[in-house]
Amino acid sequence: MRAPLSWIKDFVEIPSSLTVEEISKGLVRVGFEVEDVIFQGSDIKGPLSFAEVLSIEEITEFKKPIRYVGLDCGEKQTRYVICGATNFKVGDIVLAALPGAVLPGNFAIAARETYGKTSNGMICSAKELALSDDHAGIMVFDKEQVSIKDDVREKLQIDDVIFDIAVNPDRGYALSIRGVSREIAGAFGLKFSDPVEKLRGLAFEKTGEGVQPKIEDKDAASVFYVRTMSQFDPKAPTPIWMRRRIEKMGMRSISLVVDVTNYVMLELGQPLHAFDRKKIKGKLRIVRAGKSEKFTTLDGQERNLDPQDLMVSDDERALALAGTMGGLYSEITEETTEIALEAVRFNPIAIAQNSRRHKLSSEASRRLERGVDPSLAEFASARFVQLLSEHSTAKHVESVSVCEPKFPATFTINPTHISSILGFEVSNAQIIQALQTVGCDIDEKKWLIDPPSWRPDLTNASDLAEEVARMIGYDSIPSNLPDRPIHASLTSIQKRRRFISQFLANRGFAEVLTFPFTNQKTIDDMGFVGPRASTYALANPMSDENPLLRVHLIPGLIEVAARNISRGAQNFAIFEIGLIFRSSRKLETFINPETGSRPKDSVISQIFASVPEQTEMVSGLLVGKKEVENWQGKSTDFAWSDAVSFAQEILELCHLEFDVKRSDLAPWHPGRCAEILVDGKVVAHAGEIHPRILSQYNLPPRSSAFAINLGVLPESSLVRPNRVGVMPAAVQDVALIVESTVTALEVQQALMDGAGDLLESINLFDRYDKIGDGKVSLAFTLTFRAEDRTLTGEEVSAMREAATDLAAKRCGAVVRTA
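Let me begin by describing the structure that accompanies this report.

About the cut-offs
- Residues numbered from 1 in each chain as written.
- Predicted model: local features only at pLDDT ≥ 70, side-chain atom pairs only at ≥ 80, totals over all residues.
- Heavy atoms only, no water.
- Helix = DSSP H or I, 4+ residues; strand = E, 2+ residues; numbered from the N terminus.
- Rg over C-alpha atoms; globule rule 2.2 N^0.38 Å.
- Buried < 20%, exposed > 50% of the residue type's maximum accessible area, 1.4 Å probe, protein only.
- Contact = heavy atoms within 4.5 Å.
- Pairing = 2+ DSSP bridges.
- Axes fitted to C-alpha atoms, helices over the stretch in contact; angles between N-to-C directions.
- 1 Å grid on protein atoms, 1.4 Å probe; cavity = no way out; pocket = protein on both sides within 12 Å on 5 of 7 lines; lining within 4 Å.
- Points joined across faces, edges and corners; volume = space filled by probe spheres on them.
- Nonpolar A, V, L, I, M, F, W, Y, C, P; charged D, E, K, R; others polar.
- Core = buried A, V, L, I, M, F, W, Y, C linked by side-chain atoms within 4.5 Å.
- Expected span 1.5 Å × (residues − 1).
- Parallel < 35°, antiparallel > 145°, perpendicular 65-115°, else oblique.
- Left-handed = near helix turned anticlockwise from the far one by under 90°.
- Phe/Tyr/Trp six-rings, centres within 6.5 Å; stacked < 30°, edge-to-face > 60°.
- Salt bridge = Lys/Arg side-chain N within 4 Å of Asp/Glu carboxyl O.
- Arc of directions from axis to C-beta.

## Some points on the overall build of the protein
Scanning the protein from N- to C-terminus turns up 20 helices and 42 strands. Computed over C-alpha atoms, the radius of gyration of the protein comes to 44 Å, more than 25% over the 28 Å expected from 2.2 N^0.38 for 818 residues, which places it beyond the range of a compact globule. Its C-alpha atoms give the protein principal-axis dimensions of roughly 135 × 65 × 65 Å. Burial status across the protein gives 47% buried among its 818 residues. Within the protein, contacts between residues at least 6 apart in sequence are counted, and of these 71% link residues at least 24 apart.

Structure follows, in structure tokens:
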């Protein structure tokens, strides 16, 4: 949105002391980004002159048209220039840059020889002077509009400052000089003269019967004005001041009628459309297209209408794509003498749909789809009649309207809520002043707020708080650090899940995601029985092959492994974290609660009772070799102890104390399976997969797996810092012979209890089972350390002996001497 400062000054009393930079900062302060400030005319220097065309000599020996033009610049003799444009004739007034002038782009004008002639200046187009983007030809004026004696810079208002402002979608009112002027006035506390106030008492005499409006789709528009005019002279020119203002706003002058509609839109913000009245049959109607048909718009494009397109039609045909672009059939032409002006407050959604469906964004649609002041249809159309009557022979015939504008609803607020929302104290007087500045009417006793007609977005205290902050100035809000915000973060369970995933990925596992569905055959093949085999059938399964919810993650991992082996994979480790389902109770009937309000507690309980119980599990599968043979050494297969080790490391990562015991549980090998307990409750199993299952799925022998029920793990700290010892450690190795039925964990626990508080760590580093007589040898490394001193040999020996004595007492362990 461009806004010339000269036009803004028509509505705001801007003091000379207020600089352009300060105005720009003021717009930013009240929430409008100033993308650019254009100092028009600052790069034009030297003599410019209006000139009458006296003669035109056509030079035809070149490929392109060249004219040798004689000009009367108000000098004693004729000035001749070379020109390539052909849109002017003898007697026209043009604009000439004389030698010594410098045009935008540092283009210096001088007398020069070209095409065998001396060109003593240049006839200029609007684009060459950076006055507009129109470069279809040079600028041509009527003698009634300018004289060759007129000052060019003053007559064309060349010297001006233009603000290029970014307007947010909720600030549609600012797509007008009226809206921008109000914001500048509010930013600096200046007097604002609303141009609409001068139009309120405007009335026009009825001299005949005009076109009648009708809204057939009541949801599409709220108010519809049609003003009919006749006796218009189509040759009437656009006043230079109006033409220049339109050009400064980034548009081009077309004809007086079209220019007036554009001028009013830019001034007030209400798009208008003028029809050639003679082309209208019957009434002007706001209707839906109703059927797919061809329609040609003003840009000459033939478009395929959608049945839902909103149209302006007469009794016989569509005349305009409502709020977006007019139709070619009813456009204003050089023969138009009777005009029907349409001014409508359209439904913004309908206009946005029109624009999106046809990929057609116009100046009108950009305003209407953001929402236009409902009262402007009356005043903007009146302004059109006023301007066209002043600058042409057109006479008013009749003004007719249907329906009434719909204004924003009033509401009450508690003024203390404004301060609460903004986070600092704002007095009632400041609130009133700020809201009145943006156009609100306020009942100060009841704090009843009546939003202005152009601000339908103001509906509650939060909206008003934003307006108060804008008017006070965001830079005036105290910079106080807020309290630590309560923000969403990961729960401890979610963090634990992430740590486990990252740990396994770092150890070489690849994560997989499988469908949570299975079938009865798979459950039976895995050997699941009892509660571990009980699940739920799906009412509408994705596949008839898997109609049940899964009871374990291991079957899915085995199927993934089998699929990858069939495609050439050999050695890998995969894992999955997901939910499993166990049918431990009968489900309640599923219900759909009402969504208009919070369900009752009994309904919420019934909803949860209709959902299957589910718990989260992490499982991993180890297949093939963990190290392949190479020049550094021989290959090493994954062993069931690796699966146990990974399960233990995951629990250690969670900082949980646990016990390991032998187990016999499907789908693991009955002699190579361990269960892990936390607080006496079984939370995990690990070991080698049963050979029968490995054979059935063609997996390599000794493939192992682990499964941890994350849902039953107790909460624990995610970080457990360890003290770094500064004193030297004392390391002792001890080998003990025990019965093969005694677990290493039992022996380790006995050594830990016997060694005392100075035992820093204990590790099993060897297991030898070739002794015979059902005996095994377990070798441990014990590390002792004191925080405040270096341990003596006697102290270390005593602690070692106490540890072995307790192991002998609890486990029948004998210290191995050879």
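## Concerning the sheet that holds strand β1 (residues 2-4)
A sheet is described by the order of its strands in space; here 3 strands give the open sequence β1-β13-β2, paired in antiparallel fashion. Looking along the sheet, the strands with just one partner apiece sit at the ends: β1 and β2 (33-40). Taken over all neighbouring pairs, the strand axes of this sheet differ in orientation by 25° on average, direction set aside. Where helix α2 (residues 20-29) meets the sheet, it contacts β2 and β13 (160-166), and its direction lies at approximately 160° from that of β2.

## Considerations on empty space enclosed by the protein
Scanning all chains against the criterion turns up 2 cavities of 30 Å³ or more. What lines the largest cavity is a set of 13 residues, and nearest its centre among them are Gly-172, Tyr-173, Leu-268, Asp-373 and Leu-376. Residue composition of the lining of the largest cavity, by class: 5 nonpolar, 4 polar and 4 charged. Put simply, the second largest cavity is a space of about 40 Å³. Around the second largest cavity, the lining residues are Tyr-173, Arg-182, Glu-183, Thr-437, Val-438, Trp-454, Arg-455, Arg-470 and Met-471. When residues of the lining of the second largest cavity are traced back to their parent elements, those giving at least two are α4 (177-188) and α12 (461-472). Here the lining of the second largest cavity is composed, by residue class, of 4 nonpolar, 1 polar and 4 charged.

## A closer look at the pairing of strand β3 (residues 48-59)
Bridge count for β3 against strand β6 (residues 93-97) is 5 bridges, and the pairing is antiparallel. Within β6, the residue paired with Ala-51 across the bridge is Val-94.

## Description of the nonpolar core
Grouped together as the largest cluster of nonpolar side chains are 107 residues, with contacts concentrated most on Ile-286, Phe-346, Phe-384 and Leu-388. With near-sequence residues (within four places) excluded, Ile-286 lies in contact with Lys-214, Ile-215, Glu-216, Asp-217, Ala-220, Ala-221, Phe-224, Leu-310, Met-311, Val-312, Val-344 and Phe-346. Counting residues in each nonpolar core, the second largest holds 30 residues, with Phe-575, Ala-643, Phe-646 and Ala-684 among its members.

## Some words on the side chain of Asp-276
Within the fold, Asp-276 resides in strand β16 (residues 273-276). Discounting chain neighbours no more than four positions away, the residues touching Asp-276 are Ser-330, Glu-331, Ile-332, Thr-333, Thr-336 and Glu-338.

## So, the sheet that holds β16
If you trace the 4 strands from one edge of the open sheet to the other, you get β16-β23-β15-β24, paired in antiparallel fashion. Either end of the sheet is taken by a strand with one partner, and the two such strands are β16 and β24 (395-402). Within the sheet, the average angular offset between the axes of one strand and its neighbour, ignoring direction, is 20°. Together, β15 (221-230), β23 (339-346) and β24 form the strand contacts of helix α9 (residues 376-390), whose direction differs from that of β15 by roughly 15°.

## Points about α12
Taking 1.5 Å of rise per residue, the 12 residues of α12 would be expected to cover 16 Å, and the 16 Å separating its terminal C-alpha atoms lies within 8% of that figure. Burial analysis of α12 places 9 of its 12 residues in the buried class, which makes it a mostly covered element. Those residues of α12 not exposed but buried are Ala-461, Asp-463, Leu-464, Ala-465, Glu-467, Val-468, Ala-469, Arg-470 and Met-471. Close packing links the buried residues of α12 with α2, α4, β25 (411-412), α10 (415-422), α11 (428-437) and β27 (448-450).

## A few points about the packing of α11 against α12
Following both chains from N to C, one finds α11 and α12 inclined at 90°, their axes separated by 9 Å at the closest point. Classed by the angle they form, the pair α11 and α12 counts as roughly perpendicular. Facing Ile-431, Ala-434, Leu-435 and Thr-437 of α11, the residues of α12 in contact are Leu-464, Glu-467, Val-468 and Met-471. Among the residues making up the contact of α11 with α12, the classes are represented as 6 nonpolar, 1 polar and 1 charged.

## Considerations on the packing of helix α6 (residues 256-268) against α9
In contact at an axis separation of 10 Å, α6 and α9 are set at 135° when each is read in the N-to-C sense. It follows from the interaxial angle that α6 and α9 lie oblique. Taken as a pair, α6 and α9 cross one another with a handedness that is right-handed. Residue-level contacts link Leu-256, Val-257, Val-260, Thr-261, Tyr-263, Val-264, Glu-267 and Leu-268 of α6 to Leu-376, Phe-379, Ala-380, Arg-383, Phe-384, Leu-387 and Leu-388 of α9. Looking at side-chain class alone, the contact of α6 with α9 contains 12 nonpolar, 1 polar and 2 charged residues.

## Digging into the side chain of Gln-145
Structurally, the position occupied by Gln-145 is in the loop between β12 (140-141) and α3 (152-155). The class for Gln-145 is buried, based on a relative accessible area of 16%. Excluding anything up to four places from it in sequence, Gln-145 contacts Asp-150, Lys-155, Pro-237, Thr-238, Pro-239 and Ile-240.

## Let's talk about the packing of aromatic side chains
Per the counting criterion, the structure on display carries 10 aromatic pairs. Look at Phe-62 and Tyr-115: their rings are 4.7 Å apart centre to centre, the planes differ by 75°, and that puts the pair in the edge-to-face class. Separated by 53 residues along the polypeptide, Phe-62 in the loop between β3 and β4 (66-72) and Tyr-115 in the loop between β9 (112-114) and β10 (117-119) bring together distant segments of the chain. When the centroid spacing of 6.1 Å and the interplanar angle of 15° are considered together, the rings of Phe-515 and Phe-517 count as stacked.

## Some thoughts on the pattern of salt bridges
Side chains bearing opposite charge may pair, as long as their charged atoms lie close to each other. In the structure shown here, the tally under the stated rule is 48 salt bridges. The partner of Arg-356 in a salt bridge is Glu-369, and the shortest N-O contact between them spans 3.0 Å. With Arg-356 in helix α7 (residues 348-357) and Glu-369 in the loop between α8 (363-368) and α9, this pair connects stretches of sequence that are 13 residues apart. For Arg-356, a relative accessible area of 51% puts it in the exposed group. Within this structure, Arg-171, Glu-183, Arg-455, Asp-457, Glu-466, Glu-467 and Arg-470 form a network of salt bridges that share partners.

## Points about α2
Spacing of three or four residues puts side chains on the same side of an α-helix, whose turn is 3.6 residues. Looking at α2, one finds that the buried residues are Val-20, Ile-23, Ser-24, Gly-26 and Leu-27. For α2, the angular spread of the buried residues around the axis is 160°, confining them to a single face. Turned more than 90 degrees from where α2 packs its buried face, Glu-21 and Lys-25 sit exposed. Residues of α2 that are buried in the fold lie against α1 (5-8), β2, β13 and α4.

## Quick word on unusual backbone geometry
In this chain, Ala-666 is followed by Pro-667 through a cis amide linkage whose omega measures 10°. In this structure, Pro-667 sits in the loop between β35 (659-662) and β36 (668-678). One non-glycine residue, Asn-106, lies in positive phi territory at about 55°. Its location among the elements puts Asn-106 in the loop between β7 (102-103) and β8 (107-108). Residue class for Asn-106 comes out exposed when judged on its relative accessible area of 68%. Although it is not a glycine, Lys-359 sits at a positive phi angle of roughly 50°.

## Looking at the environment of Val-146
Looking at where Val-146 falls in the secondary structure, it is placed in the loop between β12 and α3. Expressed as a C-alpha distance, the spacing of Val-146 and Ile-93, which sit 53 residues apart in the sequence, is 7.7 Å. Non-local contacts of Val-146, meaning those with residues more than four positions away in its chain, are made with Phe-50, Ile-93, Phe-141, Lys-155 and Ile-240.

## Overview of the pairing of β16
Residues in a regular strand project their side chains so that they alternate between the two faces of the sheet. Alternating residues of β16 divide into His-273 and Phe-275 and Ala-274 and Asp-276, and every residue in both groups is buried. The sheet contact formed by β16 and β23 spans 4 bridges and is antiparallel. Paired with Asp-276 across the two strands is Ile-339, which belongs to β23.

Everything listed here is a matter of geometry and, on its own, says nothing about what the molecule does.
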